[in-house]
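Tertiary structure, described
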Amino acid sequence: MGTKETSFLRDTRGIDTVPLKMVFYLAVTGVIIFLVASSWNSLSPVYSKAKDSKQINDAALELLSIQNGYARNVQEQNGPDGSTCTIGLSMDDVEYLAFGVDPDPDMNGNLTDTQWVQENNTIICKYVNGAKNRYNIDGNIILFKKGTLDYTGKWTLDNDHDINKSLGVVIEGPLEGNFNFELVLAEKKYTLSHF
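In this text the structure is predicted, and so the values were computed from the model without any measurement. (Residues numbered from 1 in each chain as written. Predicted model: local features only at pLDDT ≥ 70, side-chain atom pairs only at ≥ 80, totals over all residues. Heavy atoms only, no water.)

A short note on the overall build of the chain
- Helix and strand counts for the chain stand at two helices and eleven strands.
- Going residue by residue from the N terminus, the α and β elements of the chain occur as α-α-β-β-β-β-β-β-β-β-β-β-β.
- For the chain, with 195 residues in total, the buried portion stands at 35%.
- Within the chain, contacts between residues at least 6 apart in sequence are counted, and of these 63% link residues at least 24 apart. (Helix = DSSP H or I, 4+ residues; strand = E, 2+ residues; numbered from the N terminus. Buried < 20%, exposed > 50% of the residue type's maximum accessible area, 1.4 Å probe, protein only. Contact = heavy atoms within 4.5 Å.)

Here it is as structure tokens:
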């Protein structure tokens, strides 16, 4: 009986395969983690752009929804507010979002060196990597104007002498928060920014 116990304790046939299997499984796990991480870096911009496109399309629908509503006459101090909409945006990699205007027609990244080009019914999204996307809003002509608070606390058209700022609305990124627009009447119907 003593010889059987001794032979059992000396059986070392499989002892060297455990560390090799463990090294192999750890290597396979490392390769899988590496592949997942590298594919995520490749897919992350695509996912971000798809998320941004959804937000911009939702914004276009919100803006379109107020166009047939009530337009507040900006000359009337005590008139009721016009139809409004709130657009929620969260875009980290956006350089600017332009409503009804192309603020950088020469695509050099400088928004002040050339005259802006008016583009009604358009939202332009420019990313920090230089890509520029246009989104068209179908329907009646939408004229965007930058708003400013007057002395009574009402939003009115911005009377800035810079012709560029009177053409549309530009929000410089990164974008985070809610942005309000109101339909107003000042000889024409305008979609006025409240920010």
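Observations regarding empty space enclosed by the protein
- For the structure shown, the criterion picks out one cavity of 30 Å³ or more.
- The space that makes up the largest cavity amounts to roughly 30 Å³.
- Looking at the largest cavity, the residues that line it are Arg-72, Val-74, Glu-76, Gln-77, Asp-150, Lys-154, Trp-155 and Thr-156.
- Looking at side-chain class alone, the lining of the largest cavity contains two nonpolar, two polar and four charged residues. (1 Å grid on protein atoms, 1.4 Å probe; cavity = no way out; pocket = protein on both sides within 12 Å on 5 of 7 lines; lining within 4 Å. Points joined across faces, edges and corners; volume = space filled by probe spheres on them. Nonpolar A, V, L, I, M, F, W, Y, C, P; charged D, E, K, R; others polar.)

Looking at the environment of Lys-188
- Considering the arrangement of structural elements, one finds Lys-188 in strand 11 (residues 188-193).
- You can call Lys-188 partly exposed: its relative accessible area is 48%.
- Counting along the chain gives 115 residues from Lys-188 to Asn-73, while the straight-line C-alpha distance between them is 9.8 Å.

Some details on the pairing of strand 5 (residues 132-136)
- Where strand 4 (residues 117-127) meets strand 5, five bridges bridge the pair, whose relative direction is antiparallel. For Ile-124, the partnering residue across the bridge sits in strand 5 and is Arg-134.
- Linking strand 4 to strand 5, which pair antiparallel, is a turn of four residues; within it Gly-130 sits at a positive phi near 100°. (Pairing = 2+ DSSP bridges.)

Focus: unusual backbone geometry
- Geometrically, the link from Gly-173 to Pro-174 is a cis peptide bond, its omega value of 0° lying close to zero.
- In this fold, Pro-174 is placed in the loop between strand 9 (169-172) and strand 10 (175-186).
- A positive phi is found at Met-107, a non-glycine position, where the angle reads about 55°.
- Position of Met-107 relative to the elements: it lies in the loop between strand 3 (94-102) and strand 4.

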